[in-house]
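# Chain and residue survey
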Amino acid sequence: EFLIKSGFDSKLLLNSSQRELVRELSQFKQRITEGDLSLIYFSGHGLQDDKFNYVVCSDSNVEIIEDIKYNCVSVDDFVLDKGEDNLHIIILDACRNNPFHDGRKSIKFGLHKILAPQGTIIAFSTSPNSTSIEKKDDRNGVFTKHLLRNMAKPNIPVELVFKYTRNDVMSE
């Protein structure tokens, strides 16, 4: 809703399957042209396997560690490598606890830091290797609630939107 009101050509995917998300990401990347401002917002579950981040789709069946790379979508697939004049924003409100309660150390809490290519801003709902805060009665998670409020402020550079959001989350 906010993105459409802000002039973005937006597509909403709810509870998408792995196949649907991969297809939509591919089509999204093909539509990006030189000088575009693009944004991907993902809210849902995420996993970190060794050094890689994944998002969990509605049909992701993860029972063992080896399932992750075959049944989830790599966050690397969200990254664009298009032209120096583009700005690509990736917002990941996606963290969860280790689903494997057997002490495996290759799965860590939350998502880990990503080195963004030039022209890319990646915002996480929490610090690396941490889980995000969710409140049962809130429509959105704490991060998204503050992000939406800060994005609605006029004439604020995107870097400050994320800085103010971080400060608000930490305060709450």
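This structure is a prediction, so every number in the text was calculated from the model and none was measured.

### Let's talk about the sheet that holds strand β5 (residues 87–94)
Pairing is parallel in the open sheet, where three strands are placed in the order β1-β5-β7. A single partner strand is all that each edge strand has here, and the edge strands are β1 (37–44) and β7 (120–124). Neighbour-to-neighbour, the strand axes of this sheet turn through a mean angle of 10°, independent of strand direction. Alignment of β5 against β7, held across five bridges, turns out to be parallel. Among the inter-strand pairings, His 88 is bridged to a residue of β7, identified as Thr 120. Against the sheet, helix α2 (residues 18–31) makes contact with β1 and β5, and its axis sits at roughly 165° relative to β1, the strand it touches most. On the sheet, helix α4 (residues 142–151) packs against β1, β5 and β7 and is oriented at approximately 145° with respect to β5.

### Section: the side chain of Thr 144
Of note, Thr 144 is situated in helix α4. Take Thr 144: its relative accessible area is 5%, and that puts it in the buried class. For Thr 144, the residues in contact, after removing those within four places along its chain, are Tyr 41 and Asp 93.

### Observations concerning the pattern of salt bridges
Taken as a whole, this structure holds four salt bridges when the rule is applied. Among the salt bridges present, the one from Glu 1 reaches Lys 5, with a minimum N-O distance of 3.8 Å. The burial state of Glu 1 is the same as that of Lys 5; both residues are exposed. A salt bridge links Lys 11 to Glu 24, with the shortest nitrogen-to-oxygen separation between them at 3.1 Å. Of this pair, Lys 11 sits in the loop between α1 (2–5) and α2 while Glu 24 sits in helix α2, placing them 13 residues apart in sequence. Judged by its relative accessible area of 53%, Lys 11 is exposed. Take Glu 24: its relative accessible area is 11%, and that puts it in the buried class.

### Some points on the packing of α4 against helix α5 (residues 158–171)
At their nearest, the axes of α4 and α5 sit 9 Å apart, and the two run at 135° to each other. Our classification of the angle between α4 and α5 gives oblique. Crossing of α4 against α5: the hand is right-handed. Taking contact as the criterion, the partners of Val 142, Phe 143, His 146, Leu 147, Arg 149, Asn 150 and Met 151 in α4 are, on α5, Val 161, Phe 162, Tyr 164, Thr 165, Asp 168 and Val 169. Each residue belonging to the contact of α4 with α5 can be placed in one class, and the counts come to eight nonpolar, three polar and two charged.

### Let's talk about α5
Taking 1.5 Å per residue, 14 residues should reach 20 Å; α5 reaches 20 Å between its end C-alpha atoms and fits that length. The complete set of buried residues in α5 reads Val 161, Phe 162, Thr 165 and Val 169. All buried residues of α5 project into a common sector of 90° when viewed along the axis, lining one side. Turned more than 90 degrees away from the buried face of α5 sit Glu 159, Met 170 and Ser 171, all of them exposed. On the buried face of α5, the contacting elements are β5, β7 and α4.

Rules behind the numbers
Residues numbered from 1 in each chain as written. Predicted model: local features only at pLDDT ≥ 70, side-chain atom pairs only at ≥ 80, totals over all residues. Heavy atoms only, no water. Pairing = 2+ DSSP bridges. Helix = DSSP H or I, 4+ residues; strand = E, 2+ residues; numbered from the N terminus. Axes fitted to C-alpha atoms, helices over the stretch in contact; angles between N-to-C directions. Contact = heavy atoms within 4.5 Å. Buried < 20%, exposed > 50% of the residue type's maximum accessible area, 1.4 Å probe, protein only. Salt bridge = Lys/Arg side-chain N within 4 Å of Asp/Glu carboxyl O. Parallel < 35°, antiparallel > 145°, perpendicular 65-115°, else oblique. Left-handed = near helix turned anticlockwise from the far one by under 90°. Nonpolar A, V, L, I, M, F, W, Y, C, P; charged D, E, K, R; others polar. Expected span 1.5 Å × (residues − 1). Arc of directions from axis to C-beta.

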